[in-house]
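# What the coordinates show
The lines below spell out each chain.
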Amino acid sequence: MERAVPLAVPLGQTEVFQALQRLHMTIFSQSVSPCGKFLAAGNNYGQIAIFSLSSALSSEAKEEILHFSLAHDGPVYSMVSTDRHLLSAGDGEVKAWLWAEMLKKGCKELWRRQPPYRTSLEVPEINALLLVPKENSLILAGGDCQLHTMDLETGTFTRVLRGHTDYIHCLALRERSPEVLSGGEDGAVRLWDLRTAKEVQTIEVYKHEECSRPHNGRWIGCLATDSDWMVCGGGPALTLWHLRSSTPTTIFPIRAPQKHVTFYQDLILSAGQGRCVNQWQLSGELKAQVPGSSPGLLSLSLNQQPAAPECKVLTAAGNSCRVDVFTNLGYRAFSLSF
Amino acid sequence: MSSESSKKRKPKVIRSDGAPAEGKRNRSDTEQEGKYYSEEAEVDLRDPGRDYELYKYTCQELQRLMAEIQDLKSRGGKDVAIEIEERRIQSCVHFMTLKKLNRLAHIRLKKGRDQTHEAKQKVDAYHLQLQNLLYEVMHLQKEITKCLEFKSKHEEIDLVSLEEFYKEAPPDISKAEVTMGDPHQQTLARLDWELEQRKRLAEKYRECLSNKEKILKEIEVKKEYLSSLQPRLNSIMQASLPVQEYLFMPFDQAHKQYETARHLPPPLYVLFVQATAYGQACDKTLSVAIEGSVDEAKALFKPPEDSQDDESDSDAEEEQTTRRRPTLGVQLDDKRKEMLKRHPLSVMLDLKCKDDSVLHLTFYYLMNLNIMTVKAKVTTAMELITPISAGDLLSPDSVLSCLYPGDHGKKTPNPANQYQFDKVGILTLSDYVLELGHPYLWVQKLGGLHFPKEQPQQTVIADHSLSASHMETTMKLLKTRVQSRLALHKQFASLEHGIVPVTSDCQYLFPAKVVSRLVKWVTVAHEDYMELHFTKDIVDAGLAGDTNLYYMALIERGTAKLQAAVVLNPGYSSIPPVFQLCLNWKGEKTNSNDDNIRAMEGEVNVCYKELCGPWPSHQLLTNQLQRLCVLLDVYLETESHDDSVEGPKEFPQEKMCLRLFRGPSRMKPFKYNHPQGFFSHR
């Protein structure tokens, strides 16, 4: 499945350039199609590639990948799928694409929106996108330290949530309340109530001695929440928090800063600097460490779409041009490559 | 009485000779009416039915009489004998009747048979007639068909069409009035006309033949005249030599060169012609000369029809001589030398570049292997002090390596050579490349030799069109190659002294103050490069072949040491050098454990086009090195301060940056913006 550059081919200028591009590619974001059969991946050159999971997993092992380059001018930091659209965001704007159109080449974006920024000197990036299904709205957060809410039907920006002092890395949705959690470079995890548009709770992770690691910094790189519980990591250690009491309950013993974390069944999956996808029990024990093919991972995606149970896989991508596919959480089955 | 006469005749006799006898009798009967008794006539008269009744009655009577006699005999008695006698007489009479009846029956039978026979004969006669007639009918039919199918020869002749015939034929042949109505006459007339025409044409043909003979004779005469002209023209040319020299028009010299060129083998000849043409038309800095011994060439090359005999002769001679030699090794050595023999003539091309440096190329042709090789030498206007690291840059062995991607010149391009090598035990041509020259693919193309990749080439086809199309590109590439190598040469001299030479027109790419310094610049062997732990990605991607040149640069600032391993592709400056970094500061950071180091590599490797500078981009390497210094500065100054460690930051931030970190991987601002002078993210 991996496309290796054949050593015998004489490398002209274009081949060398393409090889160098692939070496220095970083895949920041992934998203699964609503039908569950396709995976979209966005990289630092602004390209979005669509991989066909169903044909990659099928017995013919036919790899199908449709490119379209330069979806964005800058890197594609975050992507999310609704039931018909793919929303991708990078340098300052969010674009929408129709999943049905994306499978053909030369697809054009459906619309693009830019939230109202305060400064115009440098266009801030959008690091995280979050869908709030109950309100049919999209929350964007990134370089300008604010959370913007955009209504998906009308496209207008309804709310602005201010409070972070440095740029925002990640978002998570607490469905019950509904509340949004945001983690940022300033080291704080803030909870916002969507109905009142106010900050409800702040957890400054670096101030807690058990989890802070000053040599890494105080930034929160990843967040995941399970209503009462929240797990966050980054500069400080990966910690499980009880939200109501704002206390850290479990600290996961891993030294490398984690860039992505998610709850899965009764496990917590995390990935970050280092090759492996780590699987943790809620008690803090490391259940398994499955190595991938990239030296560092930035995003994990679990395909849990009910429409395609045969494509139920975990995909991991990061500091390389490859997306690792784990069909069974125990080992890496194969990799898809840009 | 009649019964007596008939009694005499036995039944058998009646059949055989009864007929003619009877016939005679019958005839005589009719002549002498009723003299003889004829039983035949009686047969006609009697009714067969009644005869049959009579027969049955007689048989019955006989049976009755026999029964009565039996009775009487069995009874016995005297008067029985008389009755028996009576009855006996009666039975005799009956017997008579029976006999007669038998005769009559026989006669009837015979008559019937005769009649049948006659009738049959008649029928046979008719049948025979019928057959004859049928046969005749068939015969006639065949004849008719034959006649109908008859094709006379005249139908095979293509006659002119009717309209033409009537137009062209003179009236005494066409006879329109007669022929219009009568197709037979028409055909005859047409045949006549055909004959007329043919006769006329035969006449013309004879005339033309005689004309041709005459003209041929005239041509002969003129040829002789011209051939006598040639020696006179030569003498005029000789006489004009001093005039040529006086007027500085070296026609003769060019002529002499063309003369020598005639003895060149086909690929070298193609190269010579194309190069001279190119030099005259496009590029005045190209000069072409032929070197070598013409006499040897003449001795070697005879017209192609004789060459095969010559080769076989020389083979035979060689076999004889080799049989005399004692050792096998020496034999093999000689065979190898023979295989690798060069043609005595070679073509020399001199390419002059703008800065007065000259690239000397000498092209050789290996006769038995059918390939061309080249030896290169670069001479500069001034004496060059070669820096240590630049040793390989201009070496004759590698200066032309990979002019086109993948063309390393170590393997013979002619697939047929492999079989030849196997016979004499040569493993590969690369062992002999130093003395024979490099068989690059572009050299073969300049000589018009085209080697298709799949099949070995049997004959040497030197193609002018192939050479012509490649000449311009190759010359340009050669010039660029020499110039970029010389530029690198100069730059290396400066790099070894720790100064990164940035020209003034590239100064805008970098900020004014760059604190990190280049401390070391050395060459590294290919194997050592492969062993380095931070170069695995490049090796795996296939970008670190053995035709590349490898260097190691060391950039320092304070306690931070940045090692950069450089891969320099022979196609430098169109193919960028590739850098891999390893930073030693507070631990070892490489692209596998630090995203920012990876980003720095990306800045130099992927975004190299910004650093190319004005064309030709000889400044690429130095700009990349300068950029690395700037990137190291940014990296060290924007490192977030660790609050738990005491003491001030080692590198205070002096660069102007809008934001220190951006994006999920928290990238440092590596992009320099000119002329505002601040750093931002890509």
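Residues numbered from 1 in each chain as written. Chains lettered and ligands numbered in written order. Predicted model: local features only at pLDDT ≥ 70, side-chain atom pairs only at ≥ 80, totals over all residues. Heavy atoms only, no water.

### A few points about the overall build of chain B
Secondary structure summary: chain B contains 22 helices and 11 strands in total. Buried positions account for 39% of the 682 residues belonging to chain B. Here the contacts in chain B between residues at least 6 apart in sequence split such that 65% fall between residues at least 24 apart. Split by element, the accessible area of chain B, about 41200 Å² in all, is 56% carbon and sulfur. (Helix = DSSP H or I, 4+ residues; strand = E, 2+ residues; numbered from the N terminus. Buried < 20%, exposed > 50% of the residue type's maximum accessible area, 1.4 Å probe, protein only. Contact = heavy atoms within 4.5 Å. Areas by Shrake-Rupley, 256 points an atom, 1.4 Å probe, with all protein chains shown as cover.)

### What to know about the interface of chain B and chain A
Taken together, the contact pairs 35 residues of chain B with 41 residues of chain A. Here chain B packs against chain A, burying approximately 3300 Å² in sum over the two surfaces, 57% of which is carbon and sulfur. The largest share of the area that chain B buries against chain A comes from B:Arg598, B:Arg662 and B:Pro664, three residues that together contribute 21% of it. Our count for the contact surface shared by chain B and chain A stands at five salt bridges. Across the pair B:Arg662 and A:Asp91 runs a salt bridge, and its minimum N-O distance is 2.8 Å. (Buried area = accessible area lost by both parts, 1.4 Å probe. Salt bridge = Lys/Arg side-chain N within 4 Å of Asp/Glu carboxyl O.)

### A word on the sheet that holds strand S28 (residues 334-337) of chain A
Residue and element names in this part refer to chain A. Strand order in the open sheet formed by four strands is S25-S26-S27-S28, with antiparallel pairing between adjacent strands. Across the chains shown, the open sheet's two edge strands, defined by having one partner strand only, are strand S25 (297-302) and S28. Put simply, the sheet's adjacent strands are angled 25 degrees from each other on average, direction ignored. Sheet topology places strand S26 (residues 314-318) next to strand S27 (residues 322-326); four bridges connect them, and they run antiparallel. Within S27, the residue paired with alanine 317 across the bridge is valine 323. (Pairing = 2+ DSSP bridges. Axes fitted to C-alpha atoms, helices over the stretch in contact; angles between N-to-C directions.)

### Some thoughts on the nonpolar core
Counting residues in hydrophobic clusters, the biggest one holds 123 residues, and the most contacted among them are B:Phe363 and B:Phe492. It is helix H22 (residues 620-637) of chain B that provides the largest number of residues to this core, a total of 11 residues. Those residues in contact with B:Phe363, other than ones at most four positions away along the chain, are B:Leu268, B:Leu271, B:Ser346, B:Val347, B:Leu349, B:Met372, B:Thr373, B:Val374, B:Trp442, B:Val443 and B:Leu446. Among the nonpolar cores identified, the runner-up in size contains 18 residues, and A:Ala19, B:Tyr550, B:Ala565 and B:Ile575 belong to it. (Core = buried A, V, L, I, M, F, W, Y, C linked by side-chain atoms within 4.5 Å.)

### Let's talk about the sheet that holds strand S9 (residues 126-132) of chain A
The pairing of strands in a sheet comes from backbone hydrogen bonds and takes either a parallel or an antiparallel form. All names here are of chain A. Judged by pairing direction, the sheet is antiparallel, and its four strands sit side by side in the order S9-S10-S11-S12 without closing on themselves. Strands at the two margins of the open sheet, each flanked by one partner only, are S9 and strand S12 (157-162). Between one strand axis and the next, the sheet turns by 20 degrees as a mean value, whatever way the strands run. In this sheet, S12 lies alongside strand S11 (residues 146-151) in antiparallel orientation, the contact comprising five bridges. The residue of S12 that forms the bridge with threonine 149 is arginine 159.

### So, the pattern of salt bridges
A pair can form between side chains of opposite charge whenever their charged atoms are brought close. Tallied over the full model, the rule gives 34 salt bridges over all chains. B:Arg662 serves as the salt-bridge partner of A:Glu125, at 3.3 Å between the closest nitrogen and oxygen. Of this pair, A:Glu125 sits in the loop between strand S8 (111-113) and S9 while B:Arg662 sits in the loop between H22 and strand S10 (671-672), each in a different chain. Take A:Glu125 and B:Arg662: they sit in the same class, and that class is buried.

### Topic: the packing of aromatic side chains
Counted under the stated rule, the structure contains 11 aromatic pairs over all chains. Relative to B:Tyr608, the ring of A:Phe17 lies with its centre 5.9 Å away and its plane at 70 degrees, an arrangement referred to as edge-to-face. On the criterion of chain membership, the pair formed by A:Phe17 in helix H1 (residues 13-23) and B:Tyr608 in the loop between helix H21 (595-605) and H22 is interchain, its members lying in two chains. Taken individually, A:Phe17 and B:Tyr608 each receive the classification buried, so the pair is uniform in this respect. (Phe/Tyr/Trp six-rings, centres within 6.5 Å; stacked < 30°, edge-to-face > 60°.)

### Points about the environment of A:Ile168
Residues and elements named next belong to chain A. Structurally, isoleucine 168 is set in strand S13 (residues 168-174). Overall, isoleucine 168 belongs to the buried group, its relative accessible area being 0%. Separated by 53 residues in sequence, isoleucine 168 and glycine 221 place their C-alpha atoms 8.7 Å apart.

### Digging into the packing of helix H11 (residues 266-281) of chain B against helix H18 (residues 464-496) of chain B
Residue and element names in this part refer to chain B. Contact geometry of H11 with H18 gives a least axis separation of 10 Å together with a crossing angle of 50 degrees. Viewed along their axes, H11 and H18 adopt a mutual orientation that is oblique. Pair H11 / H18 crosses with right-handed handedness. Each of Val270, Leu271, Val273, Gln274, Ala275 and Tyr278 in H11 lies in contact with H18, whose residues at this interface are His464, Ser467, Ala468, Met471, Glu472 and Met475. Looking at the contact of H11 with H18, its residues break down into eight nonpolar, three polar and one charged. (Parallel < 35°, antiparallel > 145°, perpendicular 65-115°, else oblique. Left-handed = near helix turned anticlockwise from the far one by under 90°. Nonpolar A, V, L, I, M, F, W, Y, C, P; charged D, E, K, R; others polar.)

### Section: the packing of H21(B) against H22(B)
Residue and element names in this part refer to chain B. The N-to-C vectors of H21 and H22 enclose an angle of 155 degrees; their axes lie 10 Å apart at closest approach. Taken together, the axes of H21 and H22 are roughly antiparallel relative to one another. Here the hand of the crossing between H21 and H22 comes out right-handed. Judged by residue contacts, Asn596, Ile597, Met600, Glu603 and Val604 of H21 engage Gln624, Arg627, Leu628, Leu631, Leu632 and Tyr635 from H22.

### Here we look at H1(A)
Three or more residues of H1(A) are buried, namely A:Val16, A:Phe17, A:Ala19 and A:Leu20. For H1(A), the arc enclosing every buried residue in end-on projection is 160 degrees, short of the 170-degree limit, so these residues lie on one face. Its buried side turned inward, H1(A) meets strand S8 (578-584) and H21 of chain B. (Arc of directions from axis to C-beta.)

### Comments concerning the side chain of A:Ser299
Residues and elements named next belong to chain A. Examined against the element boundaries, serine 299 turns out to sit in strand S25. Looking at serine 299, the relative accessible area reads 5%, which means it is buried. Here glutamine 30 takes part through its side chain, which lies 2.6 Å from a polar atom of the side chain of serine 299. The contacts of serine 299, once residues within four sequence positions are left out, are Phe28, Ser29, Gln30, His260, Thr315, Ala316 and Ala317. (Polar contact = N/O pair within 3.5 Å; in protein donor to acceptor, adjacent residues only side chain to side chain.)

### Re the confidence of the model for chain A
Considering every residue of chain A, the mean pLDDT works out to 84; 92% of them sit at 70 or more. At the low end of the mean pLDDT range in chain A sits strand S4 (residues 65-68) of chain A, at 63; at the high end sits strand S5 (residues 78-81) of chain A, at 91. (pLDDT = per-residue confidence, 0-100.)

### Brief notes about the confidence of the model for chain B
Parts of the prediction with low pLDDT should not have their coordinates interpreted in detail. Residue and element names in this part refer to chain B. Mean pLDDT over chain B stands at 80; residues scoring 70 or higher make up 87%. When the elements of chain B are averaged for pLDDT, helix H13 (residues 304-324) gives the smallest value, 48, and helix H5 (residues 80-149) the largest, 92. Across residues 15-21, where pLDDT falls below 50, the model places six contacts with residues more than four positions away in sequence or in other chains.

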